[in-house]
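# Coordinates in review
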Protein chains: 2
Amino acid sequence: MRIILDAFGGDNAPLEVLRGAQTAVEKDGLSILLTGREEEIRRVAAENGISLDGMEIADAPDVISMNDEPRSILKAHKDCSMAEGLRRLAAGEGDAFVSAGSTGALLMGATFIVKRIKGISRPALGSLLPSDKAPYLLVDCGANADCRPEMLLQFAQMGHIYMTHVLGRSDATIGLLNIGTEEHKGGSLQLETFALLKESGLPFIGNVEARDVPAGAADVIVTDGFTGNVLLKAMEGTVSMLMHNLKAIFKTNLLTKLAAAMVLPHMKGLKSRLDASKYGGAPVIGVQKPVIKAHGNADAAVIYGALHQAATFVETGAVDAIRAAVTPAKEEE
Amino acid sequence: MRIILDAFGGDNAPLEVLRGAQTAVEKDGLSILLTGREEEIRRVAAENGISLDGMEIADAPDVISMNDEPRSILKAHKDCSMAEGLRRLAAGEGDAFVSAGSTGALLMGATFIVKRIKGISRPALGSLLPSDKAPYLLVDCGANADCRPEMLLQFAQMGHIYMTHVLGRSDATIGLLNIGTEEHKGGSLQLETFALLKESGLPFIGNVEARDVPAGAADVIVTDGFTGNVLLKAMEGTVSMLMHNLKAIFKTNLLTKLAAAMVLPHMKGLKSRLDASKYGGAPVIGVQKPVIKAHGNADAAVIYGALHQAATFVETGAVDAIRAAVTPAKEEE
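Quick look at the structure, then. (Residues numbered from 1 in each chain as written. Chains lettered and ligands numbered in written order. Predicted model: local features only at pLDDT ≥ 70, side-chain atom pairs only at ≥ 80, totals over all residues. Heavy atoms only, no water.)

We now examine helix α1 (residues 15–28) of chain A. Residues and elements named next belong to chain A. In this model α1 runs 20 Å from its N-terminal to its C-terminal C-alpha over 14 residues, within 8% of the 20 Å that 1.5 Å per residue would give. The complete set of buried residues in α1 reads Glu16, Val17, Leu18, Gly20, Ala21, Gln22, Ala24 and Val25. The elements touched by buried residues of α1 are β1 (2–6), β2 (31–36), α2 (38–47), β3 (55–59) and α9 (300–315). Remark: glycine 29 follows α1 within two positions and exhibits a positive phi of approximately 65 degrees. (Helix = DSSP H or I, 4+ residues; strand = E, 2+ residues; numbered from the N terminus. Expected span 1.5 Å × (residues − 1). Buried < 20%, exposed > 50% of the residue type's maximum accessible area, 1.4 Å probe, protein only. Contact = heavy atoms within 4.5 Å.)

Spelled out as structure tokens, the structure:
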């Protein structure tokens with residue numbers, strides 16, 4: 001198994017990326033193809049005592065940043081480490097690709113370099129998120145702001161395959177994000193998608209309200225990329241606002257500081273349970289090869305998690321299962 | 001000032017509704033017209049020592065429930081306490097209407113009995129929500145699942161008037177809920193709305209991400225009713241999930257129970273600060289008279305808050321200001 005890894009993606013590249021890669025080689029026996037400035041990779045590895053055993057390097061002079069137009073990965077930044085990795089993936093020089101770089105550029109590159117699975121209308125970005133029960137997959141969480149019902153049906157089909165194959169959750173359920181649980185709720189997108197999902201043969205449990213998502217209402221939450229992104233960030237923002245307020249409470253006086261010391265170990269457990277990054281990364285689903293987006297501020301542990309998830313993505317044949325199972329959308333541009 | 005109050009709206013009607021009304025008469029000197037089953041109102045008031053001084057009753061034999069189709073307020077349930085109140089508001093027998101009953105029925109009734117302000121495409125439901133700074137208005141939070149850009153422009157105009165007039169926030173800013181802060185972010189609805197808001201003369205501060213909303217990113221957050229409802233419920237669900245987990249942590253052992261006792265008073269302060277119901281209610285904006293939706297599980301204090309807000313809605317002439325300021329939408333059905 002050989003995973004291609006963008007050595008210059010994310011806020012902590014290349015050091016943390018290299019550290020994560022080293023763990024994946026040592027722990028999982030993976031072979032890694034790094035893309036990026038070879039000289040800098042070798043220098044950083046040497047300076048930090050990181051062994052490059054089990055890794056090869058494909059030199060790429062450029063880096064695409066969060067501030068670059070996503071589309072520039074196809075032209076102005078076509079020599080960046082991310083584009084190089086995607087081209088090598090498409091050429092069969094590796095089994096999967098992992099990057100912690102710009103989400104927009106990765107989606108653009110995955111769609112136009114690795115290319116869509118035939119019949120898939122739009123690739124989607126899935127996000128594994130923590131709930132009070134098991135983690136669930138939110139799809140789409142930002143790749144497609146404007147969606148049609150058939151796209152949401154495909155997101156459900158792909159999300160279900162991802163959960164059953166890559167996460168081994170054979171009983172994974174599908175819920176449609178909506179503003180009420182009754183069948184007639186929502187706008188035209190939700191009404192039409194509900195009808196499609198009902199007829200799909202998928203384990204569709206109906207509409208799910210945003211308020212029930214954090215408690216684990218369904219294993220795959222299906223929605224358009226605009227709403228999915230709002231949901232994701234609303235939950236993030238609320239957790240961060242509450243944690244910030246709790247910190248202030250614990251700092252009020254000596255008594256509350258003492259209280260903080262007493263609950264601190266438990267709070268850490270909760271914080272870690274709510275940390276989505278530990279699931280490794282967000283899969284780009286609907287393209288011809290496994291592509292995983294790791295969190296932009298990924299450290300070595302998160303990069304390792306993403307590489308591990310990418311390997312499972314490959315081993316379980318989820319891309320072939322999607323290819324076989326998906327209802328082709330009407331042809332379009 | 002005379003406020004019409006649905007005595008049979010919400011989970012705690014009529015007892016808590018009557019208690020809230022009594023407070024409004026005694027504290028604010030309001031005159032109240034109660035709608036609902038007169039005999040039951042008089043019996044509950046007598047049994048609980050509630051004075052009906054300053055109140056009149058308009059008998060209405062029926063009650064519309066959360067499970068009834070919203071549209072039934074116009075036909076099958078046209079004799080319910082909510083419909084009776086809205087008809088009397090339209091007829092000029094009161095200055096504003098307050099109900100804790102079904103949101104859908106209230107929106108339907110407000111639109112077709114009280115009627116839209118001329119030029120307003122769709123009335124919207126605003127929700128006053130707590131942030132780390134001052135409360136902000138989320139509009140639309142559920143009245144219109146499918147929206148066009150001109151509707152969002154009107155929501156912004158109406159929301160701005162509501163905040164400056166009713167809440168006295170003369171420096172209120174407008175933010176467009178989006179999945180990134182850059183101007184080119186979002187789907188076609190956001191792109192076109194951004195352009196309209198930029199040209200509107202409103203204090204538009206640009207796109208706001210859901211993650212920054214709880215911290216108080218703008219005073220009016222404009223979005224379609226589908227996304228607004230998802231945002232609202234995602235924040236609610238996340239707070240409730242976290243609070244539930246914190247409770248479990250505090251119950252772990254003797255030490256954590258002791259810690260809980262030390263921070264409890266501060267936690268209560270935070271909980272109260274995050275309790276949206278204390279702002280009284282959600283205004284229905286865009287109809288010819290002030291209409292306020294109080295929370296379904298409103299107690300006497302919340303009903304009083306809603307009556308107080310309704311009185312301010314009347315006194316500040318916000319409806320006339322909306323009538324004067326709004327850009328008429330293209331005529332439609």
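Now that the structure has been shown, we can carry on.
With that settled, consider the interface of chain A and chain B. The interface of chain A with chain B comprises 49 residues on the first partner and 49 residues on the second. Of the roughly 4400 Å² buried between chain A and chain B on both sides combined, carbon and sulfur atoms contribute 73%. Looking only at chain A, the three residues that lose the most surface to chain B are Ile179(A), Phe226(A) and Lys233(A), adding up to 15% of its buried area. The tally of links from chain A across to chain B stands at four salt bridges. As a salt-bridge pair, Arg211(B) and Glu236(A) come within 3.1 Å of each other at their nearest N and O atoms. (Buried area = accessible area lost by both parts, 1.4 Å probe. Salt bridge = Lys/Arg side-chain N within 4 Å of Asp/Glu carboxyl O.)

Applying a rotation about an axis and a shift along it to one chain copy brings it onto the other copy. Between chain A and chain B, which share one sequence, the superposing operator has a rotation angle of 180 degrees and an axial displacement of 0.0 Å; the RMSD is 0.0 Å. Expressed as an axis order, the relation between the two copies is that of a two-fold axis. The position closest to the rotation axis in chain A is occupied by the C-alpha of Ala259(A), lying 2.1 Å away. When the interface residues of chain A are mapped onto chain B, 100% of them again fall at the interface, so both copies present the same face. (Least-squares fit on C-alpha atoms with pLDDT ≥ 70 in both.)

With that settled, the discussion passes to the packing of helix α8 (residues 254–273) of chain A against helix α7 (residues 225–250) of chain B. At a minimum axis distance of 10 Å, the contact between α8(A) and α7(B) shows a crossing angle of 145 degrees. When you trace α8(A) past α7(B), the crossing you get is right-handed. In this structure, α8(A) contributes Val263(A), His266(A), Met267(A), Leu270(A) and Arg273(A) to the contact, and α7(B) contributes Leu242(B), Asn245(B), Leu246(B), Ile249(B) and Phe250(B). For the contact of α8(A) with α7(B), a count of residues per class yields seven nonpolar, two polar and one charged. (Axes fitted to C-alpha atoms, helices over the stretch in contact; angles between N-to-C directions. Left-handed = near helix turned anticlockwise from the far one by under 90°. Nonpolar A, V, L, I, M, F, W, Y, C, P; charged D, E, K, R; others polar.)

Moving on, we get to the pattern of salt bridges. According to the stated counting rule, one finds 32 salt bridges over all chains in the structure shown. Taking the shortest distance from any N to any O, the salt bridge between Arg42(B) and Glu38(B) comes out at 3.0 Å. On the criterion of helical spacing, the pair formed by Arg42(B) and Glu38(B) is a turn pair, its members being four residues apart in helix α2 (residues 38–47). Owing to a relative accessible area of 44%, Arg42(B) belongs among the partly exposed residues under this scheme. The class of Glu38(B) is partly exposed, set by a relative accessible area of 26%. For Glu183(B), the salt bridge is made with Lys198(B), and the minimal N-O distance between the two is 3.1 Å. Pair noted here: Glu183(B) is in the loop between β7 (174–178) and α6 (188–198) and Lys198(B) is in helix α6, with a separation of 15 residues, a long-range link. Residues joined in a network through salt bridges with shared partners are Glu84(A), Arg87(A), Arg88(A) and Glu93(A).

To continue, consider the packing of aromatic side chains. Summed over all chains, the structure comprises four aromatic pairs over all chains. Geometrically, the ring pair formed by Phe194(A) and Phe204(A) is edge-to-face, given 5.1 Å between the ring centres and 75 degrees between the ring planes. One end of the pair, Phe194(A), is in helix α6 (residues 188–198); the other, Phe204(A), is in strand β8 (residues 204–209), and ten residues separate them in sequence. Per residue, the accessibility class of Phe194(A) equals that of Phe204(A), and both read buried. Ring centres of Tyr162(B) and Phe313(B) lie 5.0 Å apart, and the angle between their planes is 85 degrees; this geometry places the pair in the edge-to-face category. (Phe/Tyr/Trp six-rings, centres within 6.5 Å; stacked < 30°, edge-to-face > 60°.)

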